[in-house]
Each structure stands twice: as structure tokens, then as C-alpha cells.
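Below, each chain spelled out in residue letters.
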Amino acid sequence: MDWGMKNRLARIFNPKSGKTVMLAVDHGYFQGPTTGLKKPRETIMPLLPYCDSLFVTRGILRNCISPNTNTPIFLRVSGGPSVLGELSNEDITTSMKEALRLNAVGVGLSIFVGEKNEDRTISNLGRVVNEAEEYGMPVLAITAVGKEMARDARYLGLASRIAAEMGAHMVKTYYCEEDFEKVVEGCLVPIVIAGGKKIPEKDALQMAFNAISKGAAGVDMGRNIFQSESPVAMIQAIRAVVHENYNADEAFKLFNELKEKTIISSVVE
Ligand code: R5P
């Protein structure tokens, strides 16, 4: 591995814990103005100091994020269909040159294993890895789960392993209660979990704790942070789970304390 690749990975994963909290705000690339991201700048800016990297499209980056930020940028480079179409019909939408121009620490794209266009999306991953390695750019493969797919260890393990075999440097997948450790074991490269649909804060913290306990290298979480009743408190509670070994009860207590503080400071202002 050459210096550029090592340096980018060192900026993604916290050197002390070896883990990462990525904030996913790319949902609009197929969902349009998602709840919580209707005004992206207002949602994202207060959260930026607390994430290890921001997972984002170039459109949000250019229009809503100050170039003065020190937060590493992880760029989504696949897309195509909208939520109204065939979701697996993705292709590469953002070039490696663009990722370098935007000073990204990594690029991410979806693969749709078992879906209509699984072959094209898996080939996309192979091609992006070929190009990314020329420039020392880590690639995150996202195992997108289509409408019909079960989110069990068998499916997630299959999709994650294929991503690793194609050369992905990291994999984003979903957490499953049963045998998640087998998904991690079979993957060969670090796994981060997506949060999925909004659930109560305590449950999301429990899910993050379970995933970390079973070997995940972090989270790339969106809705369970930015749709929280207190996003700034929630991202700090997630950080405590990922980087400081808090269990779900401790992290939920921290969430409530930080939420109170946010309410008090907004009243004082
Ligand atoms: C899909 O829209 C994206 O890849 C998201 O970045 C991913 O699903 C993580 O976001 P969430 O935690 O909201 O599922």
C-alpha cells in the first residue's frame, strides 16, 4: 500500500480506537429531499465537528459545505435511478478526477447483489477499484438491499464478501441480529454499518453497540442521527459507543444529558 492510500485510511479511521464514525447524508441522490435533509446545510454544519468523515454527493458538497472544513470528505460516486425506478440500475456518476479535485479521502458506490443489475454494479466496483488504486483512493462498497432482499447474515455475508473480493477497501452493510460476526469474519476488510430507517435513539445506540461488539469497524449512519430529536447529542452518543466503548445504556444517558444541554443553551440564546 503506498503513502497516499495509507494516509487516507489513517484519516478515515481514528488512530486510537481504530474505528470510524461516518455521517451519511447522501440519501437525496435517489430519494430527493429526504426528511431531515430538506435544508442540508442547516442539518449538516452543526454535525461536522463530530464525524470522522462526511459521506456525501458532490452536489451537496459544492452547494452546502464550506470548503474551509477540516472534516474528511467521502464521496458517493454511483447513482442513476430514482426511488421511482429500478434501484439496481446504477452506474458510475462521478469520476476519479472529480474525487481528487474535491480532495476526497475515499469514494463509495453501491452494489446490488441478487438484484436485476447485480452484474453491472459489481463490475462497476471492480472498475472503480482499478482506477482508485492508481491514485491511492480507498473504495467503500455499499451492499444495497433491494426491496425484496432479506437482511440476514447469509445475504449480507454473501454481498459483503463479493465486495471484498472485487477489491473494496471497506464495506458498508446492514446489521443483523443473528450471526453478524460471521458477516464480519467472512468479509476480509473492515465493515461499517448503515443505520437504516429511523428507530428510537436507545435502539439505534444498542444496534451500534452490538455491531461494534461483533467486530464492526464503525458506522456510516444517516437517518438515525440527522432525524433524531437532537442530532448533535445523538452523534456524540454514537461516537461514545464507537470510540469509547460505551454500552447502550451509558450512551443513552449521555444522549439525554447532551440533549438537555442543547435545549438549555437554545433557551438562553
Ligand atoms: C443510502 O441511501 C445511502 O448509502 C446511505 O448512506 C446509507 O443507507 C446510510 O444511511 P442510513 O443510516 O440512513 O441508512
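Report on the accompanying structure. This is a predicted model, so every value here is computed, not measured.

Next up on the list: the overall build of the protein chain. Along the backbone of the protein chain there are 12 helices and 10 strands. In summary, the protein chain has a C-alpha radius of gyration of 18 Å against a globular reference of 18 Å for 269 residues, a match within 12%. For the protein chain, the spread of C-alpha atoms along the three principal axes comes to 55 × 40 × 40 Å. Split into buried and exposed, the 269 residues of the protein chain put 46% on the buried side. Put simply, 67% of the contacts in the protein chain that link residues at least 6 apart link residues at least 24 apart.

It is worth spelling out the packing of helix H7 (residues 153-165) against helix H8 (residues 180-187) at this point. For the pair H7 and H8, the least separation of the axes is 8 Å and the interaxial angle reads 15 degrees. Looking at the two axes, H7 sits roughly parallel to H8. By crossing handedness, the relation of H7 to H8 is classed as right-handed. Contacts between H7 and H8 involve Ala153, Leu156, Gly157, Ser160, Arg161 and Ala164 from the first element and Phe180, Lys182, Val183, Gly186 and Cys187 from the second.

Attention shifts here to the nonpolar core. Within the largest apolar cluster, 80 residues are counted, with the highest numbers of intra-cluster contacts made by Val25, Val107, Ala141, Ala208, Ala237, Ile238 and Val241. Top contributing element to this core by residue count: helix H11 (residues 231-244), with 8 residues. Every residue in contact with Val25, bar those within four places of it in the chain, is listed here: Leu37, Pro40, Ile44, Leu54, Phe55, Val56, Ile60, Gly222 and Phe226.

Another aspect to go through is the site of the ligand. The environment of the ligand is made up of 13 residues, and the closest members are Ala24, Ala194, Gly195, Gly222 and Arg223. When grouped by side-chain class, the residues that make up the shell around the ligand number 5 nonpolar, 5 polar and 3 charged.

Moving on to the environment of Leu37. Inspection of the secondary structure puts Leu37 in the loop between helix H2 (28-31) and helix H3 (40-44). A sequence separation of 11 residues divides Leu37 from Asp26, and the C-alpha atoms of the two residues are 9.2 Å apart.

What follows covers the sheet that holds strand S9 (residues 191-193). Strand-to-strand pairing in sheets goes through backbone hydrogen bonds, with the strands running parallel or antiparallel. Taking strand neighbours around the barrel as the criterion, the 8 strands line up as S1-S2-S3-S6-S7-S8-S9-S10 in a closed arrangement whose pairing is parallel. Sheet twist, expressed as the average angle between the axes of neighbouring strands with direction ignored, equals 25 degrees. Two strands pair when backbone bridges link them, and strand S2 (residues 53-56) and strand S3 (residues 73-76) are joined in this way by 3 bridges, in the parallel orientation. Its bridge partner being in S3, Phe55 is matched across the sheet by Phe74. In the packing of helix H6 (residues 118-135) onto the sheet, the strands contacted are strand S6 (106-111) and strand S7 (139-143), and the crossing angle to S6 comes to about 165 degrees.

Moving on to H7. The terminal C-alpha atoms of H7 lie 17 Å apart, and with 13 residues this matches the ideal 18 Å at 1.5 Å per residue to within 8%. Buried residues of H7: Leu156, Gly157, Ala159, Ser160 and Ala163, and no others. Structurally, H7 contributes buried residues whose contacts are with S6, H6, S7, strand S8 (170-173), H8 and S9. Trailing H7 by a residue or two, Gly167 shows a phi angle of about 110 degrees, which is positive.

Procedures and definitions
- Residues numbered from 1 in each chain as written.
- Predicted model: local features only at pLDDT ≥ 70, side-chain atom pairs only at ≥ 80, totals over all residues.
- Helix = DSSP H or I, 4+ residues; strand = E, 2+ residues; numbered from the N terminus.
- Rg over C-alpha atoms; globule rule 2.2 N^0.38 Å.
- Buried ≥ 20, exposed ≤ 12 C-beta atoms within 10 Å, placed from the backbone.
- Contact = placed C-beta atoms within 7 Å.
- Axes fitted to C-alpha atoms, helices over the stretch in contact; angles between N-to-C directions.
- Parallel < 35°, antiparallel > 145°, perpendicular 65-115°, else oblique.
- Left-handed = near helix turned anticlockwise from the far one by under 90°.
- Core = buried A, V, L, I, M, F, W, Y, C linked by C-beta atoms within 7 Å.
- Near = placed C-beta within 6 Å.
- Nonpolar A, V, L, I, M, F, W, Y, C, P; charged D, E, K, R; others polar.
- Pairing = 2+ DSSP bridges.
- Expected span 1.5 Å × (residues − 1).

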